[in-house]
Structures are given as structure tokens and as C-alpha cells.
Amino acid sequence: MFRQTKAVLQKLRYLSFNGQQHTWKQKSTSARERAVQYQPGQKIHGFTVKEVVAVPDLFLTAVKLTHDKTGAQYLHAARDDSNNLFSVQFRTTPMDSTGVPHILEHTVLCGSEKYPCRDPFFKMLNRSLSTFMNAFTASDYTMYPFSTQNGKDFQNLLSVYLDAVFFPCLREQDFWQEGWRLENEDPTDPNSPLVFKGVVFNEMKGAFSDNERVYAQHLQNKLYPDHTYSVVSGGEPLAIPNLTWEQLRQFHATHYHPSNARFFTYGDLPLEQHLKQIEEEALSKFERINPKTEVPSQPHWSSPREDHVTCSPDALAPDPARQNTLCVSYLLGDITDTFEGFTLSLLSSLMISGPNSAFYKALIEPKIGSDFSSVVGYDGSTKEASFSIGLQGMAEDDTEKVKQIISQTIDHIIEDGFEEEQIEALLHKIEIQMKHQSTNFGLSLASYIASSWNHDGDPVELLRISDSVAKFRQALKENPRFLQDKVKHYFKENTHRLTLSMSPDEAYMEKQAKAEEEKLQKKIQALSDRDRKAIYEKGLELLAAQSKTQDASCLPALKISDIEPTTPITPVQISTAGGVPAQYCEQPTNGLVYFRAMCSLNTLPEDLMLYVPLFCSVITKMGCGALDYRQQAQQMDLRTGGMSVSPQVIPDSTHLDMYEQGVLLSSSCLERNLPHMFQLWSDIFNSPHFEEVERLRVLVMMSAQELANGISYSGHMYAMTRAGRYLTPAGHLQESFGGMEQVKFMKRIAEMSDLSQVIRTLPRIKRHLLNSDNMRCAINATPQKMSDTAAQLESFMKQITGNRKERKPVRVNIVERPIDPLDDSGPSRKLVSELNFQPCQMKTFFQLPFPVNFVSESIRTVPFSHEDYASLCILARMMTAKFLHGEIREKGGAYGGGARMGGGLFSFYSYRDPNSMQTLSAFRKGMDWAKSGQFTQQDIDEAKLSVFSAVDSPVAPADKGMGRFLSGVTDEMKQSHRERLFAVSHKNLVEVAERYLSVGQKTCGVAILGPENETIAKDPSWIVK
Ligand SMILES: [Zn+2]
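Everything in this summary refers to the structure shown in the same document. Every chain begins its residue count from 1, and numbering advances along the sequence as written. Local features are withheld for residues below a pLDDT of 70 in this predicted model, meaning they are given only at 70 or higher, and side-chain atom pairs are given and counted only at 80 or more; totals for whole chains, interfaces and linings count all residues. Heavy atoms from the whole structure form the basis of all side-chain values; hydrogens and water molecules are not counted.

Section: the overall build of the chain
Note the cut-off: A run of H or I in DSSP becomes a helix once it reaches four residues, and a run of E becomes a strand once it reaches two; helices and strands are each numbered from the N terminus. Within these notes, the globule rule equals 2.2 Å times the number of residues to the 0.38 power, and the radius of gyration is based on C-alpha atoms. Categorising residues by exposure relies on relative accessible area from a 1.4 Å probe, with only protein chains included: less than 20% of the type maximum marks a residue as buried, more than 50% marks it as exposed, and the intermediate range marks it as partly exposed. When checking whether two residues touch, look at their non-hydrogen atoms; a contact exists if any pair is within 4.5 Å. Think of it this way: Lys and Arg go in the positive column, Asp and Glu in the negative one, and His and the chain ends go nowhere. By convention, charge coordinates are those of NZ in Lys, CZ in Arg, CG in Asp, or CD in Glu.
Along the chain, the regular secondary structure elements total 36 helices and 31 strands. Relative to the 2.2 N^0.38 estimate, which gives 31 Å for 1025 residues, the radius of gyration of the chain is 28 Å and therefore close to what a compact globule would have. C-alpha extents for the chain along the principal axes are approximately 85 × 75 × 70 Å. Here the chain holds 1025 residues, and 62% of them are scored as buried. In the chain, 81% of the contacts between residues at least 6 apart in sequence involve partners at least 24 apart. Placing the 109 positive and 123 negative side-chain charges of the chain at their respective mean positions leaves the two points 1 Å apart.

Encoded structure:
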């Protein structure tokens, strides 16, 4: 995997702090208390303790150590959270764009000394109960994290990870497969043309088909032109074929060494055990080296620079005439200065986040562009941070205007500063983030400290967030112009700034293809007959290796008996509040209250359905009651942890042709702010503002742009949604709400010159949706706060008006389901039933400007409660691991591919796939493979482990009971499903494969998103969009 700048950018924004989880676990001493006992200077298994620091805000104790012999650094965060995490990161600082760190990241996972089988990493996915396993290549480090709730599993995974990074085989064949190779297009035919293949080669071609990604890459390369940040660490597609196997091995020897490593562990497992295993299995075998991987500071420019790049035109751009991007990027200070970094990232939020910020007002609201540029705000992922501001989706003519606005806005900020309330809202956000409990806290922490630690910053200092907050308040008190001075210093007076513009070039794709062809021809011309013969033979060897049944018995594995036999029970209380059904779930939420409400869409006229996602995305952003949209945004930031509304299509658990349709309201707040949060909701219910066309246009542009940009990341989701469109009524609605149909609809709206018709639609939808008639609520809060919360919910319900005139459901067939299955007379959910629905076959192709495909085929099967459902879940997992992965990724060169079961559909998919038809036939072969029953009990057990690790993945206190609230699936139903999963046998799997995966047996749909496709163009059975 390749970590993208954007993801790194959003790190701080998404970092949520997990509170006292698992307080019900009564331990004599907690992990934190035990860790406090360590003394600086203490020696443990080859390590020396350097520092022990309690961080009460985050409920953890940090222990910093170094390895005596090699100098490896170590940080342990002891915390009473059973979702333990391990990560090792190396400073990887390439000096060319061959993608060497990225290809290395892939190849070390292809087998190691102790675990010489092919691809132990992917195999462990099926032999463990891991809650997370992955690897990332950033611009200047490579990180290998995993997490699991099982102690034995932790040791197993640690052993595999250590061996992979320190003692990988790095076979030539692994390099060909994962990096790049020349190979006959059809490896079995020596006369077929030679082409470039390789997983990373294709992955990066896919990544570079995304304009946002292209822009971000150029911006970084050009702002830091003098060292490692001037190259593409993931690999530039045409530079990748310059890398040799020998160079790869050399890079490993110098970078993947303990003296260049930082280890991080997190959770409630004992530290000594980790240290012992790491010392024995890896570190004791090394001597200290000087890795010389430091990144020097970027020399400052004496005057600003400008540059220009091109990209491919975007067929889905909201306005084809406005596809330019322009942004100004400033080099800031060293990220190892923790407080300066903290201040600058706060400053960045104040300048760009939300409708109250200066740049939102100056750049977004005048609608010069569709949204901020893909890189925006503070970025602390490089040794020296940067701040970027600019627009995408703008006309070329506006270039000068945008530059001017940026510099004027900076002047205004220096003059006017920030409102106190805006600063308070931001600090409130930090308070909420520290209290909100996420399920992947260890991983968030690992990514949060990675960059600064990578350059020898102090990771412990980074964790002491409230120290920084206090220091920040103090600085503001001492100097009211504290922030303005920073703006003056870092922006106004900073000569190291780059203005980078990007414009579409009609011939871009053609030029890229031509350059690749030239590169290919150059390589081919250099080949002798002997080389060609060798290429053909190597191709066959690789194919043979990929097709060979693999022995994974060297790898450690959990057993089925290691899986918990029973589903944990989540008690909920169901009653009513103001006549509306309400579910209460007591949880250790650290003083936060989570509120959700589901409002039915059953009375909404058909012609308004497509507008529902738009309605959801604007309803909390246009103002309400006495508040205009700016004041509303300010209040939401000051009083809540966010308020959002999203469309929901929930397939019924017993019938494929029934589903529930609605919108889900969700929000959270600190206990003290509960009345404010309900007041905001009741203003939204009673008097939302819809009149401001200009505000709506801004929101429409932004969501259309976001949708269009999302396709290259989640093309497989769009392909699957489309493939399921004609198979079930729920699938049909899902496509309208979140599929390509919605993308095109939003594009149409964004192109309208007059939005008044849309403006008139919104209140109509509101009347059907936001009233207490067809609504149910859920509250998650601490036991102490529950009765007060219930009382406040009750009065909120009284404030919002019900429907004056009775609205009839537009669909005739409404089926009621009791919310509490044991109480038929109690409140109910109202489902739409379309028992006359006729599923039909449909093959759809969306031609898009991508060099890769997203392929999906979906088959109508059975609902959740059906006895075959569990077998289909196991089958999908097993086919993915044992067949489809090999065919689609290893042989086919796609970034990913597999099968999954959900919503009554069995769906195949591929991700960033160079093939289309070949992948469809791989799906067919997969079906034949399943029916042939050529799999072992071990294969089945592995699939079960993998399915259970998903079923048992941790659930945050905020989300406990939500499955039941939304889909009515109770713990008892989950337990029956669990028992069925355990019971799935070889015979069951062959039977369900025959019953559901045979052509002609069941209805299926196919969808492909991808570049121009001759085969499809010639085949009239395809619908081409
Ligand atoms: Zn990758």
C-alpha cells in the first residue's frame, strides 16, 4: 500500500482519542499502573528504560527505551485497551523515483527466512484474529503495523512481522511480481507482445490517474526540491522500470536495520514479553551501524517561485470549463518543534476550516472554484512542515485573481486576527477528540507520532496534548497578537513559497501512453534473442510458482478453538420518548453523549428520492432558527462533536425483497452541552433555512467535486453497487443514493445555472422527513447520565412538531417489524416490501478516463437469517484467499480483488485492475473451483478465522447497539449466525457454490468502470454509459 499525502494530512483531523475502554474488566493492577513502576536506567532484555511518563488525558503511561546494542528506539504506550498494536517504522529516504521503498515494502512481505512460504503476510490474514494488518510507504518512512485482541495472536504476528522486515528472502521472482517486469502479454505465448507488468507498477499507474494525487505529488516535489522529498517514494510509473533487483537489496541492507528502526507497542499486554521476543528473534542478531538516513533541512529560497503542471481532463468534473487548480504552498518550521507544530496546525484550522474561516469566506464563497485544492492547510508529514492554500475546479482566467485574494486574505488576517469564539470552538474540538473513544486508538497514535519521531522529535511530548493547549492559552494571554505574528512571519514574510498551477491537457493520457510505449520499446530493443527467451521462461516460472498449491504450514496460526464461542451481549433498553421509540444503551463514553435518530422515507414521493443525499449533505449547513449558516457552524463546533445526516438503505434480515429506507441523524456532545445540542436539532427540525441559493451552490459544488474525486479511490464500491442494482429492491435504491447514478445526478445539479427548482425541492423533502411521525431514536451515554438524557430527549420530542395532516406512504406495501422481537405489541420499524420485484440480468460499462478497471459481478442469494448465509460468508472469504487473490492480484496484476457477501448479494470485485474480461473469467473460474470442492479443512478453518476477526472486530462505546437499532439484528440473531459460521462444513460449501454460483441458477449483474474497451464496444449485451 502507498500512503498518500492527503491521508497523512488528515491524520490530526481524524485522530480520535480512546478513553477508558473495558472498565468492566476488573483487574487488580491496570496496564497503566504496572507501567508506571518502570525506572529510568532499568535494563530489560537488551533495552534500557529512558523515560516513564503518565499521560492522564489519554489514559496511558508512556515508556521510552533504547536498545543497547543497536540503538533501536522503542516507545510503549500502556493502556487498558485489549486491542493491542505493534508497529515498526524505518526511515526510508530514497533519492530517485523508482519507488524503491514502496517495492521493498511489498517484497519483504513475500517470504522470509523462518517463513519462506510465498506471501506470509496475506496468509496470516487467514490464520489470525488480527483487527488490523497493513504496511505503508510514506515520503520518508515505511511502517508495518498490526493490531489484535488476542495475546497468542500478537506473538504469532510479531514473529512474522519481525522476520519479514529483518530477514526477508527478497527473491528475484518476488521483485518481478511486486515491482516490475517485462513479460509476454500472454505468458504462455512467446509470440505475444512484451509488456510491463508488476503490482507496484500498476498500483502507481492507478494512483497517478487521480488528478488530486498528481497535484499533491508535484507540489511536494517542487516545494522541497533538494533532497528526498523531490522524488516519488511510491514510484513514478515510468521510473519504476529503472530499478534493479540488486538496488532493492542494497536499499534493504541500509534502511531496514535496527539502528534505523523505531518500534511502537500499545495496549494492555505486558511490555517485557514484547521486548524479550523482539530481542531474541531479531535485534540480538545485529550490530550497530550508522544508517545515515537523516533528512537535511531544505535550504530556504530567497524569492518565491512559480510553476505549472498538466493533468488529464476529468470527464466527471462538475464544470468542464473549470478544471484548473492553483495553490500557494509555504515552507514552515521543523516538525520536531512540538509546540510550534501544534500552534501552526491550530492556526491552519482557524484559517481554512468551516464557513467562519477567512479563506472559506474569501475563496470558497465567491465560487471561483469548486473546492479547496486537494492539498490544503497544515501538513506535518515532512521534516519541515508546509501550509497550502488554493482552489481546484477554477477557470484558467481566474489565476491572477486567486493569487491576489490569497495575499489579501493573509493581510486581513494579520490585521484583524481571529474571534475568540472561533478559537474556543477549536479548543473544544480538541477536548472532544481526546474523550471520544475510537476502536483503533493504537493505530491513530502510531500514525500521529510517526513523522516527528522519524526525525528524532520527542513522541512523548506529542502525546501531552493538554500541555500544548495550556501553553497555547498562555501565549495568547501574554500576547494577543500571538497568532497574527505567526501569520506575518510564516506567510507574509516567507520567501520560500511556491505557487503551483495545474491545467488539463486533452492529450495528457495520449502522451503518457506514448511515453510508456517509448520506454517499453527502448527496453525491448536492448534485448537479445537470449534475453527474450529468458523473459519467456521467467514468465512461465512465475506463472508456475503462482499456480502451485502453497504450503503455509511453516506459519503460526490460531485454531478455531481460540475463537470466543459466544457473541458478547450488549444490553439495551427500549422504551419511548415523547411517543417516539427510543433505545438506550449505557456505555463508558468518557462523558460524551451520542444521539441518533432514524427518520423514515416511506412517505416521500418517488421523484424526490434522488435528492435525498443532497438534502442530507446540506440540511445541517444552511442555517436554522435564529442562526445563519455561519453562526450555526460556530455553535455546532462550540457545543457538539459534529452533527450529520446520511441516507440509509437497510436490507431486511429475512426477505431479499424488503428493506427499510430512511435518513440517519447523528451527533455527539459533552454532557454539559446536551441542551444546546438538542436545541440545534430542534431548530433544524422546526425552522431550517433553505432560501440562500448562493450558499446551496457552494455546497453543491463541493459535494459534486468530492463525489467525482472519490471514484478513483472507491471504484470497486461503485462497480459493486451498480452490479447489484437490478438484483434487489434495496440494491436499486442503493445505486440511486450512493452509486454512479447519484454521481451523475449531482454533476447535473452542479451544472445547472438556476438552482431555484432544487431550492424548492428541499422543504418538500423536509416535510416528509423531519417530523416525529416516522422516527426512532437511540442514545449511548454513561449510566450516570442516562436518565437526565432521557428526560431531555423527551422534551426535545415535544419541541418538534409531528405531521399535521396524516401522510400516506407512497408505497402500498409496508410491513411492520417490532423493534423488540419479544414484544409484538410494542413500537415497530416500517419496511417497504416489494414481493413482486423481478430481478434481472444487466451488464453495464462506464467508460472513464482511468488507465485501470474496477470490475464487479453480483449474484442474488439469500438474506441474513437464511441457513445458507453463513456458508456463503465463509465461501466468499475462502475464494478470496485461496483462489481470487492469486488470479486477480498475483497473476492479473490488479491491486486487489475478491468476493464478499452482504445485503443478500454475493459480489466479486477487482480494484485498480489492468484487465476486465480476463477478470470476469477469473470470477467464473473461481465459481468452478468452489464447486469442484478442491479445498481442505485447513482452508475452511482459515476462512472461518478471517470471517470471525471481522465479526468480532472491536466496537466503540459510541457504536454499541447500533446494529440492532438500525437493522433490528439482535444479539440472539447474531449468536445463531455465529453458531452457523462455526458449523459450516466442506459439504455445505460445495452445496452453496452449486446452488448459488452456477450460471442460470440465479440472477446476476455485472458492472465495469474503466477505460475504452473494444471487447465491450463490440458486444451488444453490454449497456455502455
Ligand atoms: Zn503498494
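Considering the environment of Ala-899
For Ala-899, the position within the fold is in strand S28 (residues 896-902). Along the backbone, Ala-899 and Asn-184 are 715 residues apart, and their C-alpha atoms lie at a distance of 28 Å. Among residues more than four places away in sequence, those in contact with Ala-899 are Ala-876, Thr-880, Leu-884, Phe-906, Ser-907, Phe-908 and Tyr-909.

Description of unusual backbone geometry
The phi torsion at Lys-292 lies on the positive side, around 50°, for a residue other than glycine. Using a relative accessible area of 64% as the deciding quantity, one classes Lys-292 as exposed. Here Arg-912, not a glycine, exhibits a phi torsion of approximately 45°, which is positive. Relative to the assigned elements, Arg-912 resides in strand S29 (residues 905-913).

Some details on helix H30 (residues 869-891)
Selection rule: Fitting one axis to the seven residues ending at a residue and another to the seven starting there, the bend at that residue is the angle between the two axes.
Its maximal kink placed at Leu-884, H30 deviates by approximately 60°. Here H30 lies mainly inside the structure; 19 of its 23 residues are buried. Phi turns positive one or two residues past the end of H30, at Gly-893, with a value near 85°.

Thoughts on the side chain of Thr-919
On the secondary structure map, Thr-919 appears in helix H31 (residues 917-932). Judged by relative accessible area, Thr-919 falls into the buried class, the value being 4%. The contacts of Thr-919, once residues within four sequence positions are left out, are Val-855, Ile-888, Ser-910 and Asp-913.

Considerations on the packing of H30 against H31
Helix-helix packing is characterised by the crossing angle of the two axes and by the distance between the axes. Stated precisely, the cut-off is as follows: For helices, the axis comes from a line fit to the C-alpha atoms of the stretch in contact; other axes are also lines fit to C-alpha atoms, and the angle between any two N-to-C directions lies between 0 and 180 degrees. Roughly parallel means an angle under 35 degrees; roughly antiparallel means over 145; roughly perpendicular covers 65 to 115; every other angle is labelled oblique. Left-handed is the label given to a crossing in which the near helix is rotated counterclockwise from the far helix by less than a right angle, and right-handed is the label when the rotation is clockwise. Under this grouping Gly is polar, as are all residues other than the nonpolar Ala, Val, Leu, Ile, Met, Phe, Trp, Tyr, Cys and Pro and the charged Asp, Glu, Lys and Arg.
It is at 10 Å that the axes of H30 and H31 come closest, and there the two elements cross at 130°. Comparing their axes, H31 and H30 come out oblique. For the pair H30 and H31, the sense of crossing is right-handed. Residues Leu-875, Met-878, Met-879, Lys-882, Phe-883, Leu-884, Glu-887 and Ile-888 of H30 pack against Thr-919, Ala-922, Phe-923, Lys-925, Gly-926, Met-927, Trp-929 and Ala-930 of H31. Taken together, the residues of the contact of H30 with H31 sort by class into 11 nonpolar, 2 polar and 3 charged.

What to know about the sheet that holds strand S26 (residues 842-847)
This is how it is decided: The criterion for strand pairing is that DSSP finds at least two bridges linking the strands in question.
With mixed pairing, the 6 strands of this open sheet are ordered in space as S28-S29-S27-S30-S26-S31. Because the sheet does not close on itself, it has two edges, and the strands there are S28 and strand S31 (1023-1024). Across 6 bridges, S26 lies against strand S30 (residues 1004-1010) in parallel orientation. Of the residues in S30, the one forming a bridge with Met-842 is Gly-1005. The sheet strands contacting helix H25 (residues 693-723) are S26, strand S27 (853-860), S28, S29 and S30, and the helix crosses S27 at an angle near 25°. Along the sheet face, H31 touches S27, S29 and S30 and points at about 35° away from the line of S27.

Focus: the pairing of strand S20 (residues 592-600)
For S20, the tally of buried residues reaches 9 of 9 residues, placing the bulk of the element in the interior. Looking at chain direction, S20 and strand S22 (residues 658-670) are connected through 9 bridges and run antiparallel. Pairing of Ala-597 across the sheet is with Leu-665, part of S22. Across 6 bridges, S20 lies against strand S23 (residues 775-781) in antiparallel orientation. Note that in S23 the partner of Ala-597 across the bridge is Cys-777.

Digging into the packing of aromatic side chains
Basically, it comes down to this: For Phe, Tyr and Trp, where Trp contributes only its six-membered ring, two rings pair if their centres lie within 6.5 Å, and the inter-plane angle classes them as stacked under 30 degrees, edge-to-face over 60, or tilted in between. Both a distance and an angle decide whether a charge sits over a ring: NZ of Lys or CZ of Arg must be within 6 Å of the ring centre and within 35 degrees of the ring normal.
By the definition in use, this model includes 41 aromatic pairs. Each ring, one from Phe-342 and one from Phe-472, has its centre 6.2 Å from the other, and the planes form 80°; the classification is edge-to-face. Pair noted here: Phe-342 is in helix H12 (residues 338-352) and Phe-472 is in helix H18 (residues 465-478), with a separation of 130 residues, a long-range link. Relative accessible area serves as the criterion here: at 12%, Phe-342 is assigned to the buried category. Look at Tyr-895 and Tyr-911: their rings are 5.8 Å apart centre to centre, the planes differ by 55°, and that puts the pair in the tilted class. Of this pair, Tyr-895 sits in the loop between H30 and S28 while Tyr-911 is found in strand S29, placing the two residues 16 residues apart along the sequence. Summarising the burial analysis for this pair, Tyr-895 and Tyr-911 share the class buried. Between the NZ or CZ atom of Arg-889 and the centre of the ring of Tyr-895, over which it lies, the distance is 5.6 Å.

Comments concerning the pattern of salt bridges
As a reminder of what qualifies: In the sections that follow, a salt bridge refers to a side-chain nitrogen of Lys or Arg positioned within 4 Å of a carboxyl oxygen of Asp or Glu.
For the structure shown, the criterion picks out 56 salt bridges. The salt bridge involving Lys-69 is made with Glu-287; its shortest N-O contact spans 3.8 Å. With Lys-69 in the loop between strand S3 (60-67) and strand S4 (73-78) and Glu-287 in the loop between helix H11 (271-281) and strand S12 (305-311), the pair connects residues that are 218 residues apart, well separated along the chain. On the basis of relative accessibility, which here comes to 34%, the residue Lys-69 falls in the partly exposed class. Between Arg-672 and Glu-431 there is a salt bridge, with the nearest N and O atoms lying 3.4 Å from each other. Remark: Glu-431 occurs in helix H15 (residues 420-435) and Arg-672 occurs in the loop between S22 and helix H24 (674-686); sequence separation between them is 241 residues. The exposure class assigned to Arg-672 is exposed, which follows from its relative accessible area of 54%. When salt bridges that share partners are traced, they join Arg-127, Lys-882, Asp-939 and Glu-942 into one network.

Structural notes on the pairing of S22
Taking burial as the measure, the 13 residues of S22 include 12 buried ones, the bulk of the element. Relative to S22, strand S21 (residues 643-651) runs antiparallel, the two being bridged by 9 bridges. Its bridge partner lying in S22, Ser-644 is registered against Ser-666. Once S21 ends, the chain turns through 6 residues before running back antiparallel as S22. When S22 meets strand S25 (residues 828-833), the two strands line up antiparallel, connected through 2 bridges. What sits directly across from Tyr-659, in S25, is Val-832.

Some thoughts on the state of the cysteines
The line we're drawing: The disulfide criterion is simple: two cysteine sulfur atoms within 2.5 Å.
This structure, assessed with the given rule, holds 0 disulfides. Just so you know, Cys-169 is unpaired, no disulfide at all, and the nearest cysteine sulfur is the one on Cys-117, 9.0 Å from it. The class of Cys-169 is partly exposed, set by a relative accessible area of 26%. Cys-840 provides the cysteine sulfur closest to Cys-1004, a residue in no disulfide bond, and the two sulfurs are 11 Å apart. Cys-1004 sits in the buried class, given a relative accessible area of 15%.

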